[in-house]
Amino acid sequence: MCDRKLQQFSLVSVVDTDNQGVVPIRNGYRRMTRSDKILKCRIGKFGLVAKIKLLSARERGQCSAFDSYLVVSLKVDGKLVYAQELFSNVCEMSDPSLYAIEILTNRGVLVQKECRGKWDWTEGYKKGTCNDQSIR
């Protein structure tokens, strides 16, 4: 989501299965299509460009049944903030996965918030931790 009025960019994981483990789409957000994306957003005076790649489900392999995404790069005014970062990984056997990114202004300072956690089919992203830091 890119909201110029709120001066915020957000990328949030969504999980929707037939069985269990649903994380619904938040109001104001939209589901990414199944192709690689370049997302652009203006947050106040800052320009953001994110390149996102779909990692499609596969027939074989560990944790291959679900799509996940790769944040190929996310830059703010040309400064690299993320590179080659796995996003929305629901593999229970993996390390904690990045499942939310928010970039917003706070009193003119650009702030990056990220959340990571391990996916659990009954609880969603459990034991998630979110951290904030300013982007200079």
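Residue positions are counted from 1 within each chain, in the order its sequence is given. In view of the model being predicted, local features appear only for residues whose pLDDT reaches at least 70, and side-chain atom pairs are presented and counted only at 80 or more, with totals across whole chains, interfaces and linings using the full set of residues. The side-chain numbers reported here are obtained from all heavy atoms of the structure, hydrogens and water having been left aside.

K.L.:
It is not clear to me how the pairing of strand S3 (residues 37–43) should be interpreted in this structure. Could you clarify?
P.N.:
Two faces make up the sheet, and in a regular strand the side chains alternate between them. Pairing of S3 with strand S4 (residues 46–55) involves 7 bridges; the strand directions are antiparallel. Opposite Cys 41, over in S4, you have Leu 48 as the bridge partner. Counted between consecutive antiparallel strands, the loop separating S3 from S4 contains 2 residues, among which Gly 44 sits at a positive phi close to 60°. Two strands qualify as a pair provided DSSP detects at least 2 bridges between them. Strands here mean DSSP runs of E at least two residues long; helices mean DSSP runs of H or I at least four residues long; both are numbered from the N terminus.

K.L.:
Help me understand the state of the cysteines, please; the structure alone is not making it clear to me.
P.N.:
A covalent bond between the sulfur atoms of two cysteines is what we call a disulfide. Pairs of cysteine sulfur atoms within 2.5 Å are what we label disulfides. Under the counting rule described, the total for this entry stands at 2 disulfides. Put simply, Cys 115 and Cys 130 are joined by a disulfide, and their sulfur atoms are 2.0 Å apart. One disulfide, between Cys 115 and Cys 130, carries an S-S torsion of 110° and so falls in the right-handed class. Of this pair, Cys 115 sits in strand S8 (residues 109–120) while Cys 130 sits in strand S9 (residues 124–134), placing them 15 residues apart in sequence. Relative accessibility under 20% of the residue-type maximum defines a buried residue, over 50% an exposed one, and the middle range a partly exposed one, all with a 1.4 Å probe and only protein chains included. Classification of Cys 115 by relative accessible area gives buried; the value is 7%. Exposure remark for Cys 130: the relative accessible area of 39% places this residue in the partly exposed category.

K.L.:
Would you take a moment to explain the side chain of Glu 114 for this structure?
P.N.:
Inspection of the secondary structure assignment puts Glu 114 in strand S8. What makes Glu 114 buried here is its relative accessible area of 16%. Discounting residues that sit within four places of it in the chain, Glu 114 has contacts with Tyr 82, Leu 98, Ala 100, Thr 129, Cys 130 and Asn 131. Contacts: residue pairs with any heavy atoms within 4.5 Å of one another.

K.L.:
Help me understand the environment of Gly 117 in this model?
P.N.:
Within the fold, Gly 117 resides in strand S8. Spatially, the C-alpha atom of Gly 117 lies 9.7 Å from that of Ala 100, the residues being 17 residues apart in sequence.

K.L.:
How do you make sense of the nonpolar core when you look at a structure like this?
P.N.:
Taken as a class, soluble globular proteins show a tendency for nonpolar side chains to be buried jointly. Take the buried Ala, Val, Leu, Ile, Met, Phe, Trp, Tyr and Cys residues and link them wherever side-chain atoms come within 4.5 Å; each set so joined is a nonpolar core. Within the largest apolar cluster, 22 residues are counted, with the highest numbers of intra-cluster contacts made by Phe 9, Leu 48, Val 71, Leu 74, Val 76, Ile 101 and Ile 103. Counting residues per element, this core draws most heavily on S4, at 5 residues. When near neighbours in sequence (up to four residues on either side) are disregarded, Val 76 contacts Phe 46, Gly 47, Leu 48, Val 81, Ile 103, Leu 110 and Ile 135. In terms of nonpolar packing, the next biggest core, distinct from the first, is built from 7 residues, Val 90, Ala 100, Trp 119 and Trp 121 among them.

K.L.:
So what exactly am I meant to see when it comes to unusual backbone geometry here?
P.N.:
The backbone phi angle of Asp 77 is positive, close to 50°, even though this residue is not glycine. Residues other than glycine seldom take positive phi values, yet Arg 107 does so here, at roughly 55°. Mapped onto the elements, Arg 107 comes out in the loop between strand S7 (97–106) and S8. Note on Arg 107: relative accessible area 82%, which makes it exposed.

K.L.:
Would you mind going over the environment of Phe 87 with me for this structure?
P.N.:
By secondary structure assignment, the location of Phe 87 is in strand S6 (residues 79–87). The sequence separation of Phe 87 and Ser 97 amounts to 10 residues, and the corresponding C-alpha distance is 6.3 Å. Residues contacting Phe 87, with those up to four places away along its chain left out, are Leu 11, Val 12, Ser 13, Ser 68, Tyr 69, Val 71, Ser 97, Leu 98, Tyr 99, Ala 100 and Ile 101.

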